[in-house]
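Listed below, chain by chain, are the residues.
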Amino acid sequence: MKKKWVVVIPCGLEVIPTIEAAKKQGYSVAGVDQNPEAPAMKFCDLGIVSPLNDFEHILYVLQTNKIVPECVIPIVSDKAVFPAYMLNLQFGKTPINPNILAFYSKSVLRNTLNTLGFDNPFYFVVDKEGDLKHVPLKSKLIIKPDDSSGSRGITILEKPNAKNLKEAYQFALGFSANKKAVIEEYIPGEEYMVDCFVHEKEVKALLVSRKEKIQDKVSILIQTVNEQEFPYAKLKKLITKLSKALTYPGGPLHIEVKLQDGKFYILDLAARGGGFSVYNFYVKKCLGFDFVQATLDVFLQKKLSQKCGTFREGLIYFITPEKAGTLNNLTTSFQVNPKKDVLINYYFTKGQSVSLDVTDGNRLAGIYCFAKNKQALEDLFLEVKSSFHQTYA
């Protein structure tokens, strides 16, 4: 019997549940990553070592191995979205989408939202230093690389001037492959992480979480908000309108929004699930809706097998270094057991050097807690958080 293949891009830890689910359904899996030691590579039937943006090389390896995949799935990576689209297009698995770059480039997203009439902060796309002179310096600004993620390369200027704007622009370019920066008006207000699943032009699952950030850059606490606290219906209409306008064929969407004076401002939009176990764990625990299986259903053009269950409160808290130096250990006295709705993920190794840099990559561990109501959630979280201890050389 001829093998049926699914291709996954890239091959980080977050991809392993998708590989396991695909194999359980009888598919062979090819994985793509530029790192031959990527954690999920060893779970794949074929590992393709390649830069994620080298579409032609990935295609060559697949064709050399006589593989015509049933689908190519980008998982928790902005950089995987465009090559996955191009491969699906090559193999006739998806229609042409003229808006695909809006899911990859912040400047294209801003321009597209403007064209479609969505609320937008004022913004400038800058690829030449000389163009900085056109940027108004009267209000708080945020400067971002055009094509980076994970809070890398971002600067927030409380009081912008010609000197610090130039420095922020140059810093952003260091994290941008296409050497562009997007300079935006800073929008005040509560920031929310939105994880939703779109199928047949309808939002089938929607989870909103409030974010608390360090220096307005990196989330340290993410906590669910329920329908009594937040205008879910209004946001659902906005996402439906947005996905139709962008001709999104369906699947997970990870969106960052701010709510100010009753208006939603879209800060970022990604055609993928959220990282740090949001996609493959957090959403499922809160909604009962398995994004991993639902994504396979949609990409394999099968009937959607997932439905939302009873809503549960949840939160994610990221432990960061207490100081710069060499981390000997991070320990906890809390005993995880089946009766406690707690997961602890560790992201560090003993003896590594840590800094106080404000980036996603500087997180030491993630605490995931779930409960039937907010009070029970808070009690559980405080119990877990207080049990941790950091030691340094």
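See above for the structure.
All values reported here derive from a predicted model rather than from experimental measurement. (Residues numbered from 1 in each chain as written. Predicted model: local features only at pLDDT ≥ 70, side-chain atom pairs only at ≥ 80, totals over all residues. Heavy atoms only, no water.)

What the second largest pocket holds in volume is close to 410 Å³. Lining the second largest pocket are 22 residues, with N88, T94, P249, G250 and F299 sitting closest to its centre. Elements represented by at least two residues in the lining of the second largest pocket include exactly strand 4 (71-74), helix 3 (78-90) and helix 8 (291-299). Along the lines of polarity and charge, the residues of the lining of the second largest pocket split into 15 nonpolar, 6 polar and 1 charged. (1 Å grid on protein atoms, 1.4 Å probe; cavity = no way out; pocket = protein on both sides within 12 Å on 5 of 7 lines; lining within 4 Å. Points joined across faces, edges and corners; volume = space filled by probe spheres on them. Helix = DSSP H or I, 4+ residues; strand = E, 2+ residues; numbered from the N terminus. Nonpolar A, V, L, I, M, F, W, Y, C, P; charged D, E, K, R; others polar.)

The next thing to look at is the environment of S50. With respect to the helices and strands, the residue S50 is situated in the loop between strand 3 (46-49) and helix 2 (55-64). We classify S50 as buried; its relative accessible area is 2%. Each C-alpha atom of the pair S50 and N35 lies 7.8 Å from the other, and the pair is 15 residues apart in sequence. Apart from the residues within four sequence positions on either side, S50 is in contact with V32, D33, Q34, H57 and I58. (Buried < 20%, exposed > 50% of the residue type's maximum accessible area, 1.4 Å probe, protein only. Contact = heavy atoms within 4.5 Å.)

We now examine the packing of helix 7 (residues 278-287) against helix 8. Relative orientation of the contacting elements helix 7 and helix 8 amounts to 115°, with a least axis distance of 8 Å. Mapping the contact onto sequence places Y279, N280 and V283 in helix 7 and F291, V292 and T295 in helix 8. Of the residues assigned to the contact of helix 7 with helix 8, the class counts are 4 nonpolar, 2 polar and no charged. (Axes fitted to C-alpha atoms, helices over the stretch in contact; angles between N-to-C directions.)

It is worth spelling out the pattern of salt bridges at this point. This model, assessed by the stated rule, comprises 17 salt bridges. Between K211 and E191 there is a salt bridge; the shortest N-O distance is 3.5 Å. Placement of the pair is K211 in strand 10 (residues 202-214) and E191 in strand 9 (residues 190-199), with a sequence separation of 20 residues. Judged on exposure class, the residue K211 and its partner E191 are both buried. With a shortest N-O distance of 3.1 Å, K204 and E202 are connected by a salt bridge. Under the relative-accessibility criterion, K204 is labelled partly exposed at 33%. Residues participating in the shared-partner salt-bridge network are E191, K211, K213 and E256. (Salt bridge = Lys/Arg side-chain N within 4 Å of Asp/Glu carboxyl O.)

Moving on to empty space enclosed by the protein. The tally for this structure, following the rule as stated, stands at 2 cavities of 30 Å³ or more. Quantified by volume, the largest cavity comes out at close to 90 Å³. If you go around the largest cavity, the residues you meet are D78, A102, F103, Y104, S105, K106, L109, D147, S148, D268, L269 and A270. At the level of elements, helix 4 (106-116) and strand 13 (263-270) are the ones that each hand at least two residues to the lining of the largest cavity. The biggest single contributor to the lining of the largest cavity is strand 13, with 3 residues. For the lining of the largest cavity, the class distribution of residues is 6 nonpolar, 2 polar and 4 charged. When its volume is computed, the second largest cavity comes out at roughly 30 Å³. Lining the second largest cavity, in full, are L235, L238, I239, L242, I255, V257 and I266. Within the residue set of the lining of the second largest cavity, elements represented by two or more residues are helix 6 (232-245) and strand 12 (251-260).

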